[in-house]
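Structural features, examined
Spelled out from the first residue to the last, the chains are:
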Amino acid sequence: MKRSYMVNSVVQKKQAQKFLTLVKDTLSAYEYQPKRIADLGAGDGVLTYALKRAYPNSYVLGVDKDAKVLKEASKQWQGVEFLCRDILQLEFREAFDLVVSSSVFHWLGKDWHKGVQKVWEMLEEGGWFFLHQGGRWTYYFLYDLAERIYTEMTGEVLKHTEVLFYPTLKEFKEALAKHFVVMSVFSNIEFQQDYSLEELLKSFSVAGARVFTDRLSPKQREEFLMLLHKRAVEEEIPVFGRRLYGVMRKPLTVEVVPARLEEVEFLIEKYEGEFVPPLSKRPSAGGGLEGGSLREYINSLSSAKIFAAKKDERVIGCLCYKMQALPFVSKPVLMVSTVIVEKPFRSAGVGRALYQKVLSENKELYVRTWSTNTNHLKLLKSLGFQEVYRIENHRGKGIDTVYLRYSHEGV
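Criteria and cut-off values
- Residues numbered from 1 in each chain as written.
- Predicted model: local features only at pLDDT ≥ 70, side-chain atom pairs only at ≥ 80, totals over all residues.
- Heavy atoms only, no water.
- Pairing = 2+ DSSP bridges.
- Helix = DSSP H or I, 4+ residues; strand = E, 2+ residues; numbered from the N terminus.
- Axes fitted to C-alpha atoms, helices over the stretch in contact; angles between N-to-C directions.
- Core = buried A, V, L, I, M, F, W, Y, C linked by side-chain atoms within 4.5 Å.
- Buried < 20%, exposed > 50% of the residue type's maximum accessible area, 1.4 Å probe, protein only.
- Contact = heavy atoms within 4.5 Å.
- Salt bridge = Lys/Arg side-chain N within 4 Å of Asp/Glu carboxyl O.
- Right-handed = clockwise from strand over helix to strand, strands pointing away.

**Observations concerning the sheet that holds strand E9 (residues 305-311)**
Across the sheet, which stays open at both edges, the seven strands sit in the order E8-E9-E10-E11-E12-E14-E13 with mixed pairing between neighbours. Both outer strands of the open sheet, strand E8 (255-258) and strand E13 (386-391), are each paired with one neighbouring strand and no more. Averaged over neighbouring strand pairs, the angle between their axes works out to 25 degrees when direction is ignored. One ladder, built from seven bridges, connects E9 with strand E10 (residues 314-324); its direction is antiparallel.

**Some remarks on the sheet that holds strand E6 (residues 181-190)**
If you walk across this open sheet you meet the seven strands as E3-E2-E1-E4-E5-E7-E6, and the pairing is mixed. Whereas interior strands pair on both sides, the edge strands pair on one side only; in this sheet they are strand E3 (81-84) and E6. Strand-to-strand twist across the sheet, computed as the mean angle between neighbouring axes with direction ignored, equals 15 degrees. Judged from the seven bridges that link them, strand E5 (residues 123-134) and strand E7 (residues 241-249) form a sheet pairing that is antiparallel. Bridge pairing in E7 places Phe130 opposite Val247.

**What about the nonpolar core?**
By size, the foremost hydrophobic cluster in this structure holds 29 residues, and its most contacted members are Val254, Leu319, Val336, Val350, Leu354, Tyr355 and Phe385. For this core, the elements supplying multiple residues, two or more each, are E9, E10, strand E11 (333-341), helix H13 (350-361), strand E12 (364-370), helix H14 (374-382) and strand E14 (401-407). Counting residues per element, this core draws most heavily on H13, at six residues. Every residue in contact with Tyr355, bar those within four places of it in the chain, is listed here: Leu319, Val336, Val339, Val367, His376, Leu379, Leu380, Leu383 and Phe385.

**Thoughts on the pattern of salt bridges**
Side-chain pairs of opposite charge can arise where the charged atoms are in close proximity. Tallied over the entire structure, the rule returns 33 salt bridges. Between Asp66 and Arg210 there is a salt bridge whose closest N-O contact spans 3.4 Å. Of this pair, Asp66 sits in the loop between strand E2 (59-64) and helix H4 (67-76) while Arg210 sits in helix H9 (residues 210-213), placing them 144 residues apart in sequence. Between Lys118 and Glu121 there is a salt bridge, with the nearest N and O atoms lying 3.3 Å from each other. Of this pair, Lys118 and Glu121 both sit in helix H5 (residues 112-122), three residues apart, which is roughly one turn of the helix. Take Glu121: its relative accessible area is 44%, and that puts it in the partly exposed class. Residues joined by salt bridges that share partners form a network here, namely Asp144, Arg148, Glu152, Arg231 and Glu235.

**Observations concerning unusual backbone geometry**
Pro277 follows Val276 through a cis peptide bond whose omega is -10 degrees. Here Asn393, not a glycine, exhibits a phi torsion of approximately 55 degrees, which is positive. In this structure Asn393 comes out as partly exposed when scored by relative accessible area, which is 46%.

**Describing the pairing of E2**
Residues in a regular strand point their side chains to alternate faces of the sheet. Most of E2 is tucked away, with five of its six residues classed as buried. Across five bridges, strand E1 (residues 36-40) lies against E2 in parallel orientation. Bridging from a neighbouring strand, Ile37 pairs with Val60 of E2. Handedness of the crossover joining E1 and E2 through helix H3 (residues 46-54) is recorded here as right-handed. Pairing between E2 and E3: four bridges, direction parallel. Opposite Leu61, over in E3, you have Glu81 as the bridge partner. For the handedness criterion, the β-α-β arrangement of E2, H4 and E3 is classed as right-handed.

Have a look at this one:
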């Protein structure tokens, strides 16, 4: 039976398609267009070329250390470049703004963390890293069978976990968070409906089975794979896999400086519709939520203190705060009324930098937001803000108004 990766990697291709959808949907939501893309562990180049089709104006590089597989890929796909190199040995003069890797990082084993560090080095500030790999218990029953067959054939014990690193979701997230702003980390479980046992065995023969076959002679290799296929069917090995997905950004270094209202007004006008309710429906910043206009809202910020986040002299974010009377305090307090980051720069540490600047100058600060503004709430709580007051269904059914407070002395 032909053991070509391009022919047999059925499962990997299906997984890569799901992964590609995650990449495209995420970048589209952030209005982000990558210019330099690297696909680490490109294999037969299917994902590499799909990225080129999705971003035709980008430079796309596929990296893999298997020369035979890359030779097939280079014949098949045009418009992309391939490099035969171990991921841990990569060095580039020019940084990438998007790095992806699908079904490969678990092969780094004990060097998994070095691979994460290498991606960090490859990326420019604000660059994206999408990682997909197996999690703990991925294809456990198939690996267990392979280990038994290997011992029967050689008399040696070889555990796949000695070669591969299949982390728990917690381990996965913690390792990535040491370097990146982790936007999203989640796990999916694959069952029979994702692919058949036959498809899994084909794909396993050119991937996971190499833990064992790379240590065997050509004759033993064929015997091993035939036994694996035969006994997997006989033992009715369940089709089960746990996949991990991570979406990260390399933090963006910005300059946070005092700004005039005129400098940030364009951000308010551009993104006012993302607020609940829209700022164009409000009479003032930090005040009522209906019966106003955008001009009234902007004019109400004339007394606010404003900071702008700048990158290469360009304003990409702002934070406005001022003294405000609140329904649950006896005297006016400092409250953030407006914080905005341009979409392509979100989830890259810009909002955090703005808040940190304000917190460094004030002992106490309040924020008002809404309960479905999950990213903002996550950031606030990570900075030490604590919820102090809530008005249920204040902004619509299921949408509460939430007040949070930060204090150097604690709440």
